[in-house]
Amino acid sequence: MSSVLSLNKTRSRWLTFGLLALGLALLPFLVDAGLGRSWVRLLDLALLYVILALGLNIVVGYAGLLDLGYVAFYALGAYVYAWLSSPHFGLHLPFWAVLPLGAALAALFGVLLGAPTLRLRGDYLAIVTLGFGEIIRIFLNNLNAPVNITNGPQGINLIDPVRLGSFDLSQSHALFGYTFTGIHLTYYLFLLFTLMVIFISMRLEDSRIGRAWVAIREDEIAAAATGINTRNLKLLAFAMGATFGGLAGGLFASFQGFISPESFNLMESIMILCMIVLGGMGHIPGVIFGAVVLTLLPEALRYTGDWQRNLFGQIYIDPADLRMLLFGVALVAVMLYRPAGLLPSTRRRREFADAQG
Amino acid sequence: MSAPKAAPSPSGKLDAGSTPLLTVSGVSKAFGGLQALSDISLQVHTGEIFGLIGPNGAGKTTLFNALTGLYSINHGEIRLYGRRIDGRKPHQVLHAGLARTFQNIRLFAEMTALENVLVGRHARTTSGVVGAVLRLPGTRREEADSRERSHALLKRVGIAQHAHRLAKNLPYGDQRRLEIARALATEPRLLALDEPAAGMNPAERAALRELLLQLQADGLTLLLIEHDVKLVMGLCTRLAVLDYGVKIAEGTPDVVSRDPKVIAAYLGDETL
């Protein structure tokens, strides 16, 4: 009886898994046919933001360290890729060598940022990390003289796309009788890395390390008195988060072919933080959902000009202004009506239910 | 009674049989102008339930915080099994074998009871990031062992039925029990309990008393801060009395309760 039940359970689990895989595989084609190619590009970006949000989720969601300079690690990963794989220094190393290097450098900087801020918490930590993010960006902006390292505000151009042998991911390819454009192929590459990051996050969450992080978030003194080396585990959280940030940065550089300090401003850090808070802090499906929604929503709101024209015959409010206004309203509404996030963990949901009841 | 102020030898390897479990010698701690602890010396021997009593503000919790590495001390030294633990970080003190609970319960509120106890296993387990991500056989064995022990500890303190409830949703008395289970998960040699019976009703107190006696029977040494005089007198093998940061008496409950200084400082104010 129970064996039949568990068999059914495994079978339905595999069925769900299969359908999900099929859906994810077909998604770029459905989006391409239904909404247009620019939305496939956005899909690629959404996957990048999922990686970024899951990285920041380790620092903010699990360990409870409010980091407002997370974009610095994203920038470092992107610049490492650009330095080692573009005409800027004349280096063209392959992506499988450059991506890990970028992630490793970001992790190192994560530890460098973490070490002096170990005693800080909450608002104070937020201010220091915010400063760190700005310092990195300003460095990137000004390191074009006396030695041109970052090419300053002009940024670095002609960055190599991901290439495997002679297979260039930015070009269209005919495979199995279908034509895959670069944007479609990039989707699959990013999906692969995203799934890897999700897998690592899930495994860490349900482990000795993940529990120690949450314990530090809940009560640092009790955590220390229960035998947790809070210093090492906080540094580990910073390093893990930064690794994911650096990885996303490298992928971003290869995808865009061009990077400049402008892409890595404070707004970007805040956006990634919003994805976590809005989706459901510390809850992997929530964070993924938040990242996808907050990547696509501002783009969808670009069409407000068309809506106005259709409804009223003319445009009353500049779509660019209206877009940010509606975005802000949406954020406030979510925080008012779903304070634990759009997809909170059962834990957080209970917490807020308790607070109300 | 005055402990030898030996030169601080790094390892302090003495014969374990002759060494008391915990030796506090000449410990002082000041907060600005306030002398919270003055020249406190005491010894706790293996298998004892040692009580620490005194009026509010006498320095009992300060002494606990000093013992467990939360406060640094100004003078004196603290040894566990002959090894110095003063100047160590809280997690190092715990590794050395001294676990504690807190007066104002400090559980990990958003974690389940089971997870709280699992965090206690952290100090006695070793698997890292790679082990966790790849679920290596060693990690899986360790995790299974931790879970088994944690379930057993929840059962032992009598809250097995709450394993999957959030710590903050447990009844008050059970939260105190959970804190004890979490401390026991770290496999301490000495367990320091800061007012474990505070806020408990008589039935919960009786159950707690049983639990503490059981732990003692199993070979654990207990250091106990408690306000409930009846509980302390009935439970403890020896007592030390603090008043204004000074140790004013030490001995068996009988001797201490007849000490005029103690009666003046503490028992005289109590309506027994």
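What counts, and at which threshold
- Residues numbered from 1 in each chain as written.
- Chains lettered and ligands numbered in written order.
- Predicted model: local features only at pLDDT ≥ 70, side-chain atom pairs only at ≥ 80, totals over all residues.
- Helix = DSSP H or I, 4+ residues; strand = E, 2+ residues; numbered from the N terminus.
- Rg over C-alpha atoms; globule rule 2.2 N^0.38 Å.
- Buried ≥ 20, exposed ≤ 12 C-beta atoms within 10 Å, placed from the backbone.
- Contact = placed C-beta atoms within 7 Å.
- Pairing = 2+ DSSP bridges.
- Right-handed = clockwise from strand over helix to strand, strands pointing away.
- Nonpolar A, V, L, I, M, F, W, Y, C, P; charged D, E, K, R; others polar.
- Axes fitted to C-alpha atoms, helices over the stretch in contact; angles between N-to-C directions.
- Expected span 1.5 Å × (residues − 1).
- Parallel < 35°, antiparallel > 145°, perpendicular 65-115°, else oblique.
- Left-handed = near helix turned anticlockwise from the far one by under 90°.
- Core = buried A, V, L, I, M, F, W, Y, C linked by C-beta atoms within 7 Å.
- pLDDT = per-residue confidence, 0-100.

A. Up close: the overall build of chain B. Within chain B one finds 10 helices and 10 strands. What you see for chain B is a C-alpha radius of gyration of 19 Å, in line with the 19 Å of a compact globule of 272 residues. Counting only C-alpha atoms, chain B reaches 60 × 45 × 40 Å along its principal axes. In chain B, which comprises 272 residues, the proportion classed as buried is 46%. Counting only contacts in chain B whose residues sit at least 6 apart along the sequence, the fraction spanning at least 24 positions is 66%.

B. Molecular detail of the overall build of chain A. Counting secondary structure elements, chain A contains 14 helices and 6 strands. For chain A, the C-alpha radius of gyration of 22 Å lies close to 21 Å, the compact-globule estimate for 357 residues. If you line up chain A on its principal axes, its C-alpha atoms span 60 × 55 × 55 Å. Within chain A, the fraction of its 357 residues that count as buried is 43%.

C. Molecular detail of the pairing of strand β8 (residues 221-225) of chain B. Residues and elements named next belong to chain B. In terms of burial, β8 is largely enclosed, as 5 of its 5 residues are buried. Burial along β8 is two-sided: the residues Thr 221, Leu 223 and Ile 225 and Leu 222 and Leu 224 are all buried. Pairing between strand β3 (residues 49-53) and β8: 4 bridges, direction parallel. Paired with Ile 49 across the bridge in β8 is Leu 222. Read from strand β7 (residues 190-194) through helix α7 (residues 202-217) to β8, the crossover connection turns out right-handed.

D. Representation of the interface of chain B and chain A in the model. Each partner contributes to the interface: chain B provides 29 residues, whereas chain A provides 23 residues. For the side of chain B that touches chain A, the elements supplying multiple residues, two or more each, are α2 (90-96), α3 (113-120) and α4 (129-134) of chain B. Residues of the side of chain B that touches chain A, tallied by class, amount to 14 nonpolar, 9 polar and 6 charged.

E. Main features of the sheet that holds β3 of chain B. All names here are of chain B. Ordered in space as β6-β7-β8-β3-β9-β10, the 6 strands form an open sheet in which the pairing is mixed. If you trace the sheet from one side to the other, it starts and ends with β6 (98-100) and β10 (246-251), each paired once. Sheet twist, expressed as the average angle between the axes of neighbouring strands with direction ignored, equals 20°. Relative to β10, strand β9 (residues 238-243) runs antiparallel, the two sharing 5 bridges. Within β10, the position partnered with Val 241 by the bridge is Ala 249. Sheet strands in contact with helix α1 (residues 60-67) are β3, β6, β7, β8 and β9, and its direction is about 145° off that of β7.

F. Representation of the pairing of β3 of chain B in the model. Residues and elements named next belong to chain B. Among the 5 residues of β3, 5 are classified as buried, and the element is accordingly described as predominantly covered. What you see with β3 is no split at all: Ile 49, Gly 51 and Ile 53 on one side and Phe 50 and Leu 52 on the other are buried throughout. Here 4 bridges tie β3 to β9, and the two strands are oriented parallel to one another. Residue pairing for β9: Ile 53 is matched across the bridge by Val 241.

G. Quick look at the environment of Leu 185 of chain A. All names here are of chain A. Tracing the sequence through the fold places Leu 185 in helix α6 (residues 182-205). Placed 12 residues apart in sequence, Leu 185 and His 173 show a C-alpha to C-alpha distance of 8.8 Å. When neighbours within four sequence positions are excluded, Leu 185 is seen to be in contact with Leu 169, His 173 and Phe 180.

H. Looking closely at helix α3 (residues 71-84) of chain A. Over its 14 residues, α3 of chain A extends 20 Å from the first C-alpha to the last, a length consistent with the 20 Å expected when each residue adds 1.5 Å. Counting buried positions over the 14 residues of α3 of chain A gives 14, a clear majority of the element.

I. Summary view of the packing of helix α7 (residues 208-218) of chain A against α3 of chain B. At their nearest, the axes of α7 of chain A and α3 of chain B sit 10 Å apart, and the two run at 105° to each other. Here α7 of chain A is positioned roughly perpendicular relative to α3 of chain B, judged by the angle of their axes. Each of Arg 211, Ala 212 and Ala 215 of chain A in α7 of chain A lies in contact with α3 of chain B, whose residues at this interface are Glu 115, Leu 118 and Val 119 of chain B. Tallied by class, the residues present in the contact of α7 of chain A with α3 of chain B amount to 4 nonpolar, no polar and 2 charged.

J. Quick peek at the packing of helix α4 (residues 95-114) of chain A against helix α9 (residues 230-256) of chain A. Residue and element names in this part refer to chain A. One way to put it is that α4 packs onto α9 with a least axis distance of 7 Å and a crossing angle of 145°. Between α4 and α9 lies a crossing of right-handed hand. Each residue belonging to the contact of α4 with α9 can be placed in one class, and the counts come to 15 nonpolar, 10 polar and 1 charged.

K. Here's a closer look at the nonpolar core. Residues and elements named next belong to chain A. Membership of the largest hydrophobic core comes to 174 residues, with the highest contact counts inside it found for Ile 51, Leu 52, Ala 53, Ala 75 and Ala 237. The dominant element in this core, judged by the number of residues it contributes, is helix α2 (residues 37-62), at 17 residues. Every residue in contact with Ala 53, bar those within four places of it in the chain, is listed here: Ile 272, Met 275, Ile 276, Val 287, Gly 290 and Ala 291.

L. Just unusual backbone geometry, in detail. A cis amide bond links Ala 145 of chain A to the next residue, Pro 146 of chain A, at an omega of -5°. Within the element layout of this structure, Pro 146 of chain A appears in the loop between α5 (122-142) and β3 (163-164). Here the phi dihedral of Asp 39 of chain B falls at roughly 50°; this positive angle occurs in a residue that is not glycine. If you trace the backbone, Asp 39 of chain B turns up in strand β2 (residues 34-44). Asp 39 of chain B gets classed as partly exposed once you count the C-beta atoms within 10 Å, which come to 14.

M. Molecular detail of the sheet that holds strand β1 (residues 22-31) of chain B. Residue and element names in this part refer to chain B. Spatially, the 4 strands line up as an open sheet ordered β2-β1-β4-β5, and their pairing is antiparallel. With partners counted over all chains shown, the strands left at the sheet margins are β2 and β5 (83-84), one partner each. Here α1 sits on the sheet in contact with β1, β2 and β4 (75-80), set at roughly 65° to β2.

N. Molecular detail of the confidence of the model for chain B. Residues and elements named next belong to chain B. The share of residues in chain B with pLDDT of 70 or more is 90%, and the mean pLDDT across the chain is 88. With pLDDT under 50 throughout, residues 1-18 is counted as low confidence; its partners more than four residues away or in other chains account for 17 contacts. We note a pTM of 0.88 for the whole complex and an ipTM of 0.88 for its interfaces.

O. Just the environment of Leu 113 of chain A, in detail. Residue and element names in this part refer to chain A. Mapped onto the elements of the fold, Leu 113 is located in helix α4. Residue Leu 113 is classed as buried on the basis of its 25 C-beta neighbours within 10 Å. For Leu 113 and Gln 256, which are 143 residues apart along the polypeptide, the C-alpha to C-alpha distance reads 28 Å. Contact partners of Leu 113, with chain neighbours within four places excluded, come to Thr 129, Phe 132 and Phe 238.

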